[in-house]
Amino acid sequence: MNDVEHLDPARNFVTDSQMIGKLITRTLTDYRYDAKAKKIILEKDLAESYESSPDFKTWTFKLKDGLKYEDGTPVKAADIKYNAERSFSADMAEGAPYAHEYLDCPGYKGPYVAGNNGGKGCTAMEVPDDKTIIFKLNRPVASFDGTASMKVFSPVPAAKDTKTAYDNHPVSTGPYKIETYTRKKQLVLVRNDQWDQKTDPLRNALPDKFIFKFGDAEATVDQRLIADGTADKSSVSFAGVQPENIAKTNQANVKDRVVEGTDICRRYIAFNEQKPLLKNQKLREALYYGLDRTSYRDGRGGERLAAVVDSIIPQDMEGYKAEEHFKAPPEGDPAKAKQLLTESGYKGEKLVLGTADSGLAVKAAEAAQASWKAVGINVDIRKIPGDNYYSTQQQDSGATDLITAGWCYDWASLTTIVPSVLGADTTAPNKAAQNNYARSNAGWDKLAELAKESDKTKIESGLSDLYVEIMKTAPLVPTVQDLNVYVVGSNVSNAVADPNTGGLPDLTQIGLKQAG
């Protein structure tokens, strides 16, 4: 891990940043993983209570008593409104899109545009008093209590807002605050003495301090954690054990320090349909059939660290359907790929596959490149620094032809998978949603119809059916899900992998056997 992509809650929208962000930033609601019950549970975080109108278009949240920032000033409902407004700004485009997608504020461009909306802000949010915020949505959202777990619905005091520099020191509402932060080197969190554990059902806050060190080679970190030297006995890593070190996890002095788990995320490769070559569906289908997902899995570390999938919808989620249209085997179908390549008229033009520049991501990309080369598709690899990988791919000018990506649902609903990965940007006509890396517009009319539906069952079943139809156009190819294996230091206690946050070690629960 080279750095945290974003700590600003309006921009924090990837798993490792979100896990660190949980220590600093509280939201209206949030999800807690119960390791004993193996359940993900929605809890009230800053919210004391909430309720919706019968049509699910108006939601009212009441804040708890005694909530404070790290400087002792009270958290106010207006601060939550302000942060949600910040997400309308072009400078905050990397974050969760749900405020500007769900709130009925047409034309609003955020608080940094002078005179914007007559200075009224987003009028779809009302703050009748310091402890009440009302959201008026542009559509029924039956699961908005889950939406409120997104960090875009956390407080930011306007007086402390430093715009994009807020990334460097967001004002804490959680159990820890930033002591020092040197980009790409180290982040140090210390206790926030203004946090009241009685108000917080999610965070145990057991260690006195967290020190995040960036830039060390992942294999080197493995070796140190496996060796369990004095300096590393209280350490964990977000990277997980690298493939070359997996066998060592069975050693007698290591196996009791192994933490394993899976997550709700699915990896895929999107075919960017803004690129002229990839407007050709036959070529996209050739790419789909030509990918050997077993070699891609091996690039991600092999069967202990990854499993081939046929959908970006998790198998244990309601609405999942096995892929029955292409029926491509895990190892691909080279003969079918070559046939489609001939039908597409492809003449050997070069395509560029974008990948983050870390070890496993690069190895998987190289496996994809090799399998496509074997069927006659010419692919180069572009390595993009991991700390701004998605920011780069979200920009039309910077996006590659083929885009390695992953998606974790934001809460357990297909409304946070299908529209996000395959839908439109509801604030800009004819523009793809920020995480629709395929820039595909298939099914957008039906998505717009489902957005008006208030029956949760009809929404979920409709999205399940629509996903099947959209996938017939081959906007992307699902690849693998990660199987997470970590080694922790011998002084670490209560280490569990949180499937709701990328399968990472849960820093809200972790502790030390001995202080110091």
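Just so we're clear, the structure is a prediction, and the values are computed from it rather than from any experiment. (Residues numbered from 1 in each chain as written. Predicted model: local features only at pLDDT ≥ 70, side-chain atom pairs only at ≥ 80, totals over all residues. Heavy atoms only, no water.)

S.K.: I'd like a rundown of unusual backbone geometry, residues and numbers included.
M.R.: Unlike most non-glycine residues, D228 shows phi in positive territory, near 60 degrees. Looking at the element boundaries, D228 is found in the loop between α5 (218–227) and β10 (258–262). Of note in this structure, R439 is not a glycine but carries a positive phi near 50 degrees. Take R439: it is sitting in the loop between α11 (418–422) and α12 (444–450). (Helix = DSSP H or I, 4+ residues; strand = E, 2+ residues; numbered from the N terminus.)

S.K.: Just give me the short version of the state of the cysteines, but keep the residues and values in it.
M.R.: With the rule as written, the count across this model stands at two disulfides. Between C105 and C122 runs a disulfide, and the two sulfur atoms are separated by 1.8 Å. Residues C105 and C122 share a disulfide whose torsion about the S-S bond is about 70 degrees; that sign makes it right-handed. In this pair, C105 is assigned in the loop between α3 (98–102) and β5 (125–129) and C122 in the loop between α3 and β5, connecting sequence segments 17 residues apart. Residue C122 is classed as buried on the basis of its relative accessible area of 0%. Indicated for the protein is the disulfide connectivity 1-2, 3-4, based on numbering the bonded cysteines in sequence order. (Disulfide = S-S within 2.5 Å. Buried < 20%, exposed > 50% of the residue type's maximum accessible area, 1.4 Å probe, protein only.)

S.K.: An account of the side chain of T416 is requested, with residue identities and associated values reported.
M.R.: Mapped onto the secondary structure, T416 falls in the loop between β15 (402–408) and α11. Classification of T416 as buried rests on a relative accessible area of 0%. Among the polar contacts listed, one links the side chain of T416 to the backbone oxygen of S413, at a separation of 3.0 Å. Excluding residues within four positions of it along the chain, T416 makes contact with Y98, W407, Y409, D410 and W411. (Polar contact = N/O pair within 3.5 Å; in protein donor to acceptor, adjacent residues only side chain to side chain. Contact = heavy atoms within 4.5 Å.)

S.K.: Explain the side chain of R439 to me, using residue names and the numbers behind them.
M.R.: By relative accessible area, R439 is classed as buried at 11%. A polar contact is formed between the side chain of R439 and the backbone oxygen of Y437, at a distance of 3.2 Å. If sequence neighbours within four positions are ignored, R439 has contacts with N272, E273, Q274, Q393, Q394, Q395, D396, A399, I403 and A432.

S.K.: Before we move on, could you go through the sheet that holds strand β3 (residues 47–52) and cite the residues and values that matter?
M.R.: Taken in spatial order, the four strands make up an open sheet running β3-β4-β6-β5, and their pairing is antiparallel. Only two strands of the sheet have a single neighbouring strand rather than two, namely β3 and β5. Within the sheet, the average angular offset between the axes of one strand and its neighbour, ignoring direction, is 20 degrees. Here β5 runs beside strand β6 (residues 132–136); their pairing, made up of three bridges, is antiparallel. Its bridge partner being in β6, M125 is matched across the sheet by F135. Its contacts with the sheet put helix α2 (residues 77–86) on β4 (58–63), β5 and β6, and the angle it makes with β5 is roughly 165 degrees. (Pairing = 2+ DSSP bridges. Axes fitted to C-alpha atoms, helices over the stretch in contact; angles between N-to-C directions.)

S.K.: So what's going on with the nonpolar core? Which residues, and what values?
M.R.: Counting 105 residues, the largest nonpolar core has L103, F135, F153, I269, W372 and L402 as the members making the most contacts within it. Those residues in contact with L103, other than ones at most four positions away along the chain, are F88, Y98, C122, A124, M125, F135, K136, L137 and N138. Ranked by size, the runner-up nonpolar core spans 25 residues in total, among them L7, A205, F210 and V259. (Core = buried A, V, L, I, M, F, W, Y, C linked by side-chain atoms within 4.5 Å.)

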